[in-house]
Amino acid sequence: MASRSSMAGIEVPIIGSDSVKWLHVSVPSTSASALRQPFAPPTEDAASCSIIGTPPTYLIWRIHKSQPHVLEIMEVCGYKEFPRIGLCIEFAEALSPFALISKDEANWNSGNPYLLYVLTVSGVAYLIKLKNINNYVSSYVFPPNEIIEFDIQTYPHYGTITAVAAVAGSLVIGANDGSVGCFQLGMLDPSAPGFLRELRDDVGFGRLWGLMSRSRTVAAVQDLVILEVHEKKLLFVLHSDGFLRVWDLFSHSRIFENSSTIFFFVNIIKIHFSHFLRLWVGEADTDTRIIPVILLRQYYFRTSMICIYSLRFSLGDRIVLLLEPSLQNISLEEGGLIDVNLTSSKIWILKEDGLVVQDFLGPDDNGGVAHCYALQEAFVADQLFQNSEHSSDDLLWLAHSIFSSSKDQIAPIVSSIFLRRLLLPGVHHSTVLRATLQEYNKHFSDSEFHSLSVDGLKKEILSLIEQEGISGTPVSVLYRWNILCARYFDHWCKSSAPCSLLIDSSAGAIGLIRKNSISLFRSLEDIELLLFGSFDELDIVNPNLEFSNDLERELLFEVLRCINNVNQQLGKASSAVYYESLLTAPNNSSEEVVPHLLKILETGYSSSIAALHLSELGADTAWEKEVADHKNLRKFSADMFLSLHALCNKATTWGKVLDVVESYLKFLVPQKTLQKLDSEVVFNIGSSIMVQATTQVAKVMFESALDVLLLLSYLANISGQIHLSHTDVSRIQLELVPMIQEVVTEWHIIHFFGTTPSESPSIEDFSSQLSSLQIDSNINKISWNERLGRCDFTLAFILVLNFQSSSEDQTRHSFRRLPDPSGFISSVREFTSWIIWGKTGEESSSFFSHLTDLAVILLQHGQCDAVEYLLSMVDAHLRKEKISASVQSVDGQWCKLLHLSGCCLLAQAQRGLHGMLKEKKVCEAVRCFFRAASGQGAPQALQCLSFEARLPPLDFTGCVSGAAWKLHYYQWAMQLLEQYNISEGACQFALAALEQVDEALTPTDNSSGQDALSESATTVKGRLWANVFKFTLDLNYFYDAYCAIVSNPDEESKYICLRRFIFVLYERGAVKILCDGQLPFIDLADKIEQELVWKAERSDISAKPNSYKLLYSFEMNRHNWRKAANYIYLYSAQLKTEAAFKDHHRRSLVLQERLNGLSAAINALHLVHPAYAWIDFTHEENSLQKENYPSKKARITLQEQSGDNPETQRLQSFVDVEKLENEFVLTSAEYFLSLENVKWSFTGSEKPPPELVDLLVQSNLYDMAFTVLLRFWKGSGLMRELERVFVAMSLKCCPSRVAPPLVGNDLRTQGLLLTSSKDEVVVHGSLDMGPSPQQSKGNSQWETLDLYLEKYKVFHPRLPVIVAETLLCADPQIELPLWLVHMFKGVRKESSWGMAGSESNPAALLRLYVDYGRYAEATNLLLEYIESFASVRPADVIRRKRTSAVWFPYTTIERLWCQLEESIRSGRMVDQCEKLKKLLHGALLSHLNLLKVDSEDVLSSLNQANPLTKF
């Protein structure tokens, strides 16, 4: 048994081995049947590795109990990166937990280098010829020529298979009846003789006895192992009864069997109720001639023991084996056994709780040292606070105590700590996380889950915490995290359970094959040996700790005990809280965490924690918790007081103790190594392991340094209690604490690199990111872009690409194999030294100077957040040390820091930031650039830095002045900001550069002209002002952009900018700024007008805004009325041509726009003196030429275009206001017709044709029709056209007439208003109480006729006669409307009686009645006037008797009389006519008598007045 045990190493997971993409291939089977009974061992979790070739290829296979039909194979090479693709072979039947992959010597160079032996549970064996995994594709099916299949059950004399082993060319099985069979699978055809060889005693008479004895005494085969010794293959067979036999597979003879000693030992075993389970055989040692053998013995009460034997062998004609009498037993008391492996000197025992390494003892050894290697389970449990019941509670109490001032931040801090640890490399497992999310009903497809970035995973995990409950108190948040982490850890342990050891004896590599990942073991670093070892073993202290005597060693261990006490009192959560404060600075300052932790050590948790306990845990539990905490604090205080006093007494003075602490601190500082530069950077599994191992070492170092910091601070706080002098306190505070703070920060940075996931590249940066990585064939052209942003691809992997190993050729050659445990240490030290100190290992004059170089590398690969964090740490340290002035004066380090910070902030601003946050980043970047330009040594430092960081180069060399440097740097910053489309910042640098031009371009006395640039000041200023113009224009600062144009001293640049200015104003719809009077035109008005004219001539008429309208506004604002009218008339003229090619809707819009233009031209000319109110309109017929001049073509003036071509026609006309008004009227008519879907156009400029008026009337556009008439016709022509219009309008009112069809085939029928008697019966007999549509339409027509007749009869008094005659002609039976009749009757004058009047008088109406046979109306009209004449007032009688006072149309009356007689004679309406004639006769007699009397009275009055008249 081992006398003592110590920690020797730790497991290091190979990052990426848990995310292998499997290519699924299948093996067809002819023997598969669901009815076959199990014939071989059932499926269990199993794995192993075959090492083939030089350099070796590690072929790892796995069989999962959860997937019994699948065999997984990975092809791993030490000199390559871990494969991202694996082979998943699917069988038709479940597999027995056995497989072997061997080298195919015959086909090694033909594409099938490997042989795979597999056995199914039903007893079917397969031999498969394998190619390299990269040569397979998904869904591949093995062809028959690559498979050999045979069924072992076809050999009936064999019992059930209990064990199986294989070697190239042979498959060996052991049965439950103790028989052993060797199948020459791969060497002979299954049907060939000698394919099966049974291993048995077959010598003479002993054969019969052997057969008889075997049937009685040989037990079932328990295990089989094949070992090659001096090119001979030996088969070790373990039977269930403990018998061990060894066979020579070549001669098929037995060469060893248990001796009587073993029989005796077996009998003892049987007495103790135990049996043997497994057999392991180690490699033969040719020096000692010993073969180690291990048997696993298990008692019936479930305790196990490993029994170790030594078989000594001798070589000759045949191998002779001899069992050594001594043995070694190792009890397996804790942790179940998983696997055992043997080398010539060591025994590797893999248990559930760790890997134990035991020295293989010789015959004279009495005991050995057992070295333990920690498994990853312990690390995962520690990170997820699953190793202790109260570890997560300590995290909450610490967070409450430290961040009590901002309680709202406690829950986010707790979540951030858990989330960060859950996604750590080595903890994060994609399969495990997906299974955990599924428990919360978060289901993802494969593509969805693999597409999630780190930020996406964080959001999904945080959503689980937020959805678990409504309460968001820190206690509830912690509870949810505990549940989530417990589930995750449970899945992690099940999914990543250890399966087998992976040992490469030639390289000394020790690995572990898990269910879903692969890992290696490394030795401990010196500090880890010191911390994890026993304090009583002083000989394990590293020689780097220089102590003059044993007292100092003892003092160190006493100090470490005190540190351990502090660590146990605060718990492991203290380092987590401190680490989080470093990452979240400045929101949470790490400098405030240490005082709070010290306060907890001195006085315990605050009162707020007690209140929290009371509210969350209840009164009883809170009281118990408070009592326990108080008791724990008292115990800690007492132990520390006694320990510190004992420490001081042992050292005699505190100064010696502090000397020891200082030596220990130097031991914690990252070691410096001088590296030899190599031209080739190797990235392989060793590099991946190096990164992860570095992270593990950095974690231990960080926590150790933090513990020392807490102890020193605690000593300073209780200095009075332990008699610590003021000098010692000052030494602690001024020397040791700053030293340890620096060490803590250094290891924090290293750990930060190893655990922080890289950022995903932005889409626009894809090409630059890909090129900057310099991918070549050395790393198999892996797409690093796909790995960026994944949890397992941290910042350290990016740094490894630039890390140049200091290893010599021999070391590089060793990386062609998997590294041994001790080989990690040197690479880890080199990597940490390169991170902190750089390539040479020389300490710079400024703190963390190499971090600037690392920031350049990360910035080169787009890791902006990490760069910002690193630079903020450097900046904070430099501010703390107050050495910024010295940094500036030495090598420009401060300028590099500011320069990189600006570049980083700019890149961050472009990555999805918006609003105030983006603006803040840009402002900070601008500030950094301005500060960087002012630093000493900036030109040399920044020029080199820009080249390294792949930024736009600062091509500025030679001895230059400060102003020249600033001018150049400001232009560089301007260009960089312009690339990021940050116009506001770029404008600031352009303006700043303008301030430096005069000084920079003025040669000084001592410069000898070297400062003067090749360009003149005018050229430089012109270019800079042009940039100011561009940037302000991009920001829509149009006024500032115009001011930049005016300020530009370069005339050519000025006019180019002006042209661009107008073009952009057009694009953005901001051209009104040219017309609102805000811009000071100064001397640019003519240029602006010229540009607008050029734009107008070459722009589409439908462009918005229209250039002609803009010119109109521009000239109106300048009071150039005639020019304004001219431009707007040009616009309307173009619209006239445009309207002819438009459809109905668009044509109306164009005509309306044309009307607006004509109206504007008229209004503008009205502002001009009448003598000058005309337009010199020149219209060139160049519509086709316009098409050849798009707006972006080079300018060609009209004169240049026409040249001397005599065929160019030019039409000049002078347009005055009257012509404009005429055109306006015609255009209005055309517009209204277009609204009625009537197309009409008039190309002339004089009087329009009468058809226009007809169209307007037919379209009911009466106002427009009368406007055209009054505008273009006068005198008799106007009266004639008015008659035509009213005839047409009257016809629309007739019920029996249909209006003629209009243009556009729109047939418009008119309704009825006043109908004949026949129609009245129909209308009034209708059941519809409302007016019919036709009636409504008719009413509208009558009203329209009434309205316009009343309005326009003043122009032609006879219009009522024309209307009435038209109506009666159209329908003689129509009843004339009253308003029309009243127009004839009019208002009677006092001076006249009868039917006299104007042209539209009652006599005219009487005539119309008579002419159209309306005798009744005629008679009634006549009677009305006769009666009116007779019934005058007495006062009017005198006036009635005046001469010519009465007039009646007697001729018409006579015609009426004759018409009545004619009707009577013809027999038509005899009664009615006779009645009318009678009435007429009586009325006329009375009227004539009255006239006679009046006449007599007149004569009588004349006689009386003049007596001479009698004679």
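Residues numbered from 1 in each chain as written. Predicted model: local features only at pLDDT ≥ 70, side-chain atom pairs only at ≥ 80, totals over all residues. Heavy atoms only, no water.

A.B. asks: Pulling in residues and values, what's your account of the overall build of the protein?
C.D. replies: From N to C terminus, the protein includes 53 helices and 35 strands. Looking at the protein residue by residue over its 1511 residues, the buried ones come to 51%. Surface summary for the protein: the accessible area is close to 70600 Å², and the carbon and sulfur share equals 52%. (Helix = DSSP H or I, 4+ residues; strand = E, 2+ residues; numbered from the N terminus. Buried < 20%, exposed > 50% of the residue type's maximum accessible area, 1.4 Å probe, protein only. Areas by Shrake-Rupley, 256 points an atom, 1.4 Å probe, with all protein chains shown as cover.)

A.B. asks: Report on the packing of aromatic side chains, specifying residues and quantitative values.
C.D. replies: All chains considered together, the criterion is met by 39 aromatic pairs. When the ring centre of Tyr440 is taken as reference, the NZ or CZ atom of Arg487 above it lies at 4.7 Å. Over the ring of Trp837 we find Lys672; its NZ or CZ atom is 4.6 Å from the centre of that ring. (Phe/Tyr/Trp six-rings, centres within 6.5 Å; stacked < 30°, edge-to-face > 60°. Lys NZ or Arg CZ within 6 Å of the ring centre and 35° of its normal.)

A.B. asks: Got a sec to walk through the environment of Ala1229? Specific residues and values, please.
C.D. replies: In this fold, Ala1229 is placed in helix H41 (residues 1217–1235). The class for Ala1229 is buried, based on a relative accessible area of 0%. Along the backbone, Ala1229 and Val1268 are 39 residues apart, and their C-alpha atoms lie at a distance of 7.9 Å. Setting aside chain neighbours within four positions, we find Ala1229 in contact with Leu1252, Leu1256, Met1264 and Val1268. (Contact = heavy atoms within 4.5 Å.)

A.B. asks: Give a detailed account of the sheet that holds strand E6 (residues 85–90), specifying residues and quantitative values.
C.D. replies: Spatially, E3-E4-E5-E6-E2-E10 is the arrangement adopted by the six strands of the open sheet, whose pairing is mixed. Both outer strands of the open sheet, strand E3 (46–52) and strand E10 (140–141), are each paired with one neighbouring strand and no more. Across two bridges, strand E2 (residues 21–26) lies against E10 in parallel orientation. Along E10, the bridge assignment pairs Ser26 with Val141. (Pairing = 2+ DSSP bridges.)

A.B. asks: Run through the nonpolar core, naming residues and quoting values.
C.D. replies: Counting residues in each nonpolar core, the largest one holds 265 residues, and the members touching the most others are Trp481, Leu668, Phe753, Phe831, Phe1061, Leu1074 and Ile1088. With 19 residues, the top contributor of residues to this core is helix H17 (residues 685–717). Setting aside its immediate chain neighbours within four residues, Trp481 contacts Ser415, Phe418, Leu419, Leu422, Ile461, Leu462 and Ile465. Among the nonpolar cores identified, the runner-up in size contains 73 residues, and Ala1229, Phe1286, Leu1349 and Ala1370 belong to it. (Core = buried A, V, L, I, M, F, W, Y, C linked by side-chain atoms within 4.5 Å.)

A.B. asks: Please provide a residue-by-residue account of unusual backbone geometry, values included.
C.D. replies: In this structure, the amide linkage connecting Thr54 to the following residue, Pro55, adopts the cis form with an omega of -5 degrees. By the element assignment, Pro55 lies in the loop between E3 and strand E4 (57–64). In this structure, Phe385 takes a positive phi of about 55 degrees despite not being glycine. Its place among the elements puts Phe385 in the loop between helix H3 (376–383) and helix H4 (391–402).

A.B. asks: How would you explain helix H48 (residues 1378–1385) if you had to name every residue and give the values?
C.D. replies: Turning to H48, its buried residues are Leu1380, Val1381, Met1383 and Phe1384. One side of H48 carries all its buried residues, which in axial view fall inside an arc of 150 degrees. Of the residues flanking the end of H48, it is Gly1386, one or two places downstream, whose phi is positive at about 65 degrees. (Arc of directions from axis to C-beta.)

A.B. asks: Just give me the short version of the pairing of strand E31 (residues 518–523), but keep the residues and values in it.
C.D. replies: The element E31 is extensively covered by neighbouring structure, given that six of its six residues are classed as buried. In E31, alternate side chains face the same way, and those of Ile518, Leu520 and Arg522 on one face and Ser519, Phe521 and Ser523 on the other are all buried. Strand direction decides the pairing type here: strand E30 (residues 509–514) and E31, joined by three bridges, are antiparallel. In the strand pairing of E31, Leu512 is matched with Ser519. The loop that links E30 with its antiparallel partner E31 comprises three residues.

A.B. asks: Before we move on, could you go through the sheet that holds strand E19 (residues 253–257) and cite the residues and values that matter?
C.D. replies: Taken in spatial order, the four strands line up as E16-E17-E18-E19 in an open sheet, and their pairing is antiparallel. Here the strands that pair on one side only, and so sit at the sheet edges, are strand E16 (221–229) and E19. Each adjacent strand pair in this sheet contributes to an overall mean axis angle of 25 degrees, direction not counted. In the sheet, strand E18 (residues 244–248) pairs with E19 via four bridges, with the strands oriented antiparallel. Paired with Arg245 across the bridge in E19 is Glu257. (Axes fitted to C-alpha atoms, helices over the stretch in contact; angles between N-to-C directions.)

A.B. asks: Please provide a residue-by-residue account of the packing of helix H28 (residues 915–933) against helix H30 (residues 962–979), values included.
C.D. replies: For any two helices packed against each other, one specifies the crossing angle of their axes together with the interaxial distance. Running from N to C, H28 and H30 point in directions that differ by 160 degrees, and their axes come no closer than 10 Å. Our classification of the angle between H28 and H30 gives roughly antiparallel. In the packing of H28 onto H30, the handedness of the crossing is right-handed. Two secondary-structure elements touch here, H28 through Val926, Phe929, Phe930, Ala932 and Ala933 and H30 through Trp965, Lys966, Tyr969, Tyr970, Trp972, Leu976 and Leu977. (Parallel < 35°, antiparallel > 145°, perpendicular 65-115°, else oblique. Left-handed = near helix turned anticlockwise from the far one by under 90°.)

A.B. asks: I'd love a proper account of the side chain of Ser102, names of residues and values included.
C.D. replies: For Ser102, the position within the fold is in strand E7 (residues 95–103). If we ignore the near neighbours within four places in the chain, the residues touching Ser102 are Ile52, Pro113, Tyr114, Leu115, Tyr117 and Ala168.

A.B. asks: With reference to specific residues and values, describe the pattern of salt bridges.
C.D. replies: For the structure shown, the criterion picks out 47 salt bridges. The partner of Asp853 in a salt bridge is Lys896, with the nearest N and O atoms 3.9 Å apart. Taken together, the residues span a long stretch of sequence, with Asp853 in helix H24 (residues 849–860) and Lys896 in helix H27 (residues 893–909) at a distance of 43 residues. Residue Lys896 is classed as buried on the basis of its relative accessible area, which comes to 14%. Lys1477 serves as the salt-bridge partner of Glu1461, at 3.1 Å between the closest nitrogen and oxygen. Of the two residues, Glu1461 is situated in helix H52 (residues 1450–1466) and Lys1477 in helix H53 (residues 1470–1505); the sequence distance between them amounts to 16 residues. A relative accessible area of 23% means that Lys1477 is categorised as partly exposed. It is possible to trace a salt-bridge network through shared partners that takes in Asp382, Lys572, Lys699 and Glu703. (Salt bridge = Lys/Arg side-chain N within 4 Å of Asp/Glu carboxyl O.)

A.B. asks: Go over the side chain of Thr852, please, and point to the residues and values.
C.D. replies: As for its position among the elements, Thr852 is in helix H24. Thr852 sits in the buried class, given a relative accessible area of 2%. Once you skip the residues sitting within four places of it in the chain, Thr852 turns out to touch Gln893, Lys896 and Leu900.

A.B. asks: Describe the environment of His1481, listing the residues and the values that go with them.
C.D. replies: Tracing the chain through its elements places His1481 in helix H53. Expressed as a C-alpha distance, the spacing of His1481 and Trp1457, which sit 24 residues apart in the sequence, is 8.7 Å.

A.B. asks: Lay out the packing of H48 against helix H49 (residues 1402–1411) in plain terms, naming residues and giving numbers.
C.D. replies: Remark: H48 packs on H49, axes separated minimally by 7 Å, with the N-to-C direction vectors making an angle of 125 degrees. One way to sum up the angle between H48 and H49 is to call them oblique. Along the contact surface, H48 presents Val1381, Phe1384 and Lys1385, while H49 presents Pro1402, Ala1404, Leu1405, Leu1408 and Tyr1409.

A.B. asks: Give a detailed account of helix H13 (residues 593–603), specifying residues and quantitative values.
C.D. replies: Those residues of H13 that sit buried are Val593, Val594, Leu597, Leu598, Ile600 and Leu601. An end-on view of H13 places all buried positions within 155 degrees of arc, on one side of the element. With its phi angle positive at about 85 degrees, Gly604 sits one or two positions after the end of H13.

A.B. asks: Go over the confidence of the model for the protein with me, naming the residues and quoting the values.
C.D. replies: Here the protein averages 78 in pLDDT, while 78% of its residues score no lower than 70. Low pLDDT (under 50) marks residues 1179–1212, which in the prediction has 31 contacts with non-local residues, meaning those over four places away or in another chain. (pLDDT = per-residue confidence, 0-100.)

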